[in-house]
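Residue strings, one per chain:
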Amino acid sequence: MTKIDIISGFLGAGKTTFIKKLLEEAIAGEKVVLIENEFGEIGIDGGFLKDSGIEIREMNSGCICCSLVGDFGTSLAEVLTKYKPERIIIEPSGVGKLSDVMKAVVDVSADMDVELNSAVTIVDAAKCKMYMKNFGEFFNNQIENAGTIVLSRTDITDAAKVQKDVDMLREKNGAAVIITTPLSDLSGDQLLEIIGKHDTMLDDLLAEVRAERHHDDEECEGHHHHHDHEECGGHHHHHDHEECGGHHHHH
């Protein structure tokens, strides 16, 4: 069984730092594949990954729900067959909806020997309030669907501001574990614990997606998977734009 961990967060939130630390200090002995679905962001340095024996499988950029629903299953099947990893880390694009990524993974898990292990969102403590205000649903979606929220840059952010961030995040997600310890102070064991916490939301999502699969053939609206696949698989940008939320291309 391959575990899948999704590490999401907005551009510059500290996802890369978190993943790098995770790879070096927490899961160094495991066979890991990192799948990046980036949107104009410079990912982890390729040299570092090759030295660690980790392969990057670049996925088509394009709106995240489409590239994930369109070729995500194929990519995942390839990765599983070729590398037989113990763990796959997915770093979605900063503008993707975490719920879309989670659904795509759960969808694939019905046919392959994989399980969605964790959904972690990294939030920049200095920008939390501004992002919540300016990016509304995209930012909030990453907060609402996370099992664990890690506040980054807490060591250089005023303590009162950090507490306000925690309160705001708590309003959006009452169940998530919120970590305010600076990233540099987190040990490998603590990082493992962060991605190892059982997320009850994942159980609910699993049930929801399985129920949805039964309806997929009957309905053909907006975000049902086979429709997304048709509309967005061919990279018609006007379709991507209409079908998948419209905000992806501006970023």
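Here is what the cut-offs are and how they apply
In this numbering scheme, every chain counts its residues from 1 along its sequence in written order. Restriction of local features to residues with pLDDT of at least 70 applies here, the model being predicted, together with a cutoff of 80 or more for giving and counting side-chain atom pairs; totals for whole chains, interfaces and linings are based on all residues. Calculated side-chain values reflect all of the structure's heavy atoms, with hydrogen atoms and water omitted. Whether two strands pair depends on DSSP finding at least two bridges between them. Under the DSSP-based scheme used, a helix requires at least four consecutive residues in state H or I and a strand at least two consecutive residues in state E, with every element numbered from the N terminus. Axis angles are defined between N-to-C directions and span 0 to 180 degrees, where every axis is a line fitted to C-alpha atoms and, for a helix, only to the segment in contact. Two residues qualify as a contact provided that any one of their heavy atoms is within 4.5 Å of a heavy atom in the partner residue. Only residues whose relative accessible area exceeds 30% and that take part in no salt bridge are eligible for patches, with like-charged residues grouped when within 9 Å of each other and nonpolar side chains (Val, Leu, Ile, Met, Phe, Trp, Tyr) grouped when within 5 Å. Accessibility throughout is a Shrake-Rupley quantity obtained with a 1.4 Å probe, and a residue counts as covered only by protein chains that appear here. The rule for a salt bridge is simple: a side-chain nitrogen of Lys or Arg has to be within 4 Å of a carboxyl oxygen of Asp or Glu. The positive count covers Lys and Arg only, the negative count covers Asp and Glu only, and His and the chain ends enter neither. The atoms used to mark charge sites are NZ of Lys, CZ of Arg, CG of Asp and CD of Glu. Three labels apply to residues, based on accessible area from a 1.4 Å probe with only protein chains included: buried if under 20% of the type maximum, exposed if over 50%, partly exposed otherwise in between. Residues enter a nonpolar core if they are buried and are Ala, Val, Leu, Ile, Met, Phe, Trp, Tyr or Cys, with the set joined through side-chain atoms within 4.5 Å. The aromatic pairing rule takes the rings of Phe, Tyr and Trp, using the six-membered ring of Trp, and pairs them if the centres are within 6.5 Å, calling planes under 30 degrees apart stacked, those over 60 edge-to-face and the rest tilted.

Q: Would you take a moment to explain the sheet that holds strand 6 (residues 177–179) for this structure?
A: Whether parallel or antiparallel, the strands of a sheet pair through hydrogen bonds between backbone atoms. Pairing in this open sheet of 6 strands is parallel, and the strands run 2-3-1-4-5-6 from one edge to the other. The open sheet has two free edges, formed respectively by strand 2 (32–36) and strand 6, since each of these has just one partner strand. Neighbouring strand axes in the sheet, compared pairwise and without regard to direction, differ in orientation by 20° on average. When strand 1 (residues 2–9) meets strand 4 (residues 114–124), the two strands line up parallel, connected through 8 bridges. Looking at strand 4, one finds that Thr2 is bridged to Val114. Taken strand by strand, helix 6 (residues 159–172) contacts strand 4, strand 5 (148–152) and strand 6, and its axis lies near 155° from that of strand 5. Helix 7 (residues 188–196) rests against strand 1, strand 3 (87–91), strand 4, strand 5 and strand 6 of the sheet, and its axis sits at about 115° to strand 4.

Q: Any chance you could explain a positive patch on the surface here in plain terms?
A: On the surface, a cluster of positive charge is contributed by Lys129, Lys133, Lys161 and Lys164. Contributions of two or more residues to the positive patch are made by helix 5 (128–144) and helix 6. Along the polypeptide, Lys133 turns up in helix 5.

Q: Quick question: what am I supposed to make of the pairing of strand 1 here?
A: On a regular strand, one side chain projects to one face of the sheet and the next to the other, so that they alternate. Counting buried residues in strand 1 gives 7 out of 8 residues, a clear majority hidden from the surface. Here strand 1 pairs with strand 3 via 4 bridges, running parallel. Counted as the bridge partner of Asp5 is Ile89 from strand 3.

Q: Can you walk me through the nonpolar core in this structure?
A: Here is a general trend for soluble globular proteins: nonpolar side chains tend to be buried in one another's company. Ranked by size, the top nonpolar core spans 39 residues in total, and within it Ile88, Leu116 and Leu169 carry the most contacts. Setting aside chain neighbours within four positions, we find Leu116 in contact with Ile4, Ile6, Met102, Val105, Val106, Leu202 and Leu205. Counting residues in each nonpolar core, the second largest holds 20 residues, with Ile7, Ile89, Ile122 and Ile194 among its members.

Q: I would appreciate a short explanation of the pattern of salt bridges in the present structure.
A: Two side chains bearing opposite charge may form a pair once their charged atoms approach each other closely. Overall, the coordinates contain 5 salt bridges when judged by the stated rule. The shortest N-O distance in the salt bridge between Lys21 and Glu25 comes to 3.2 Å. One end of the pair, Lys21, and the other, Glu25, are both in helix 1 (residues 15–26), 4 residues apart, so they sit about a helical turn from each other. Its salt-bridge partner being Glu30, residue Arg87 comes within 2.8 Å of it at the nearest N-O pair. Residue Arg87 is located in strand 3, and its partner Glu30 is located in the loop between helix 1 and strand 2; the two are separated by 57 residues in the primary sequence.

Q: How should the packing of aromatic side chains be read in this particular structure?
A: Between two aromatic rings, the relevant description is the distance of the centres plus the angle of the planes. On inspection of all chains with the given rule, the structure shows 5 aromatic pairs. Here the aromatic rings of Phe10 and Phe139 are separated by 5.4 Å at their centres, their planes lie at 90°, and the arrangement is edge-to-face. With Phe10 in the loop between strand 1 and helix 1 and Phe139 in helix 5, this pair connects stretches of sequence that are 129 residues apart. The exposure class of Phe10 is buried, given its relative accessible area of 7%. Measuring from ring centre to ring centre gives 5.3 Å for Tyr131 and Phe135, while their planes differ by 85°; the resulting arrangement is edge-to-face. Of the two residues, Tyr131 and Phe135 both sit in helix 5, 4 residues apart, roughly one turn of that helix.

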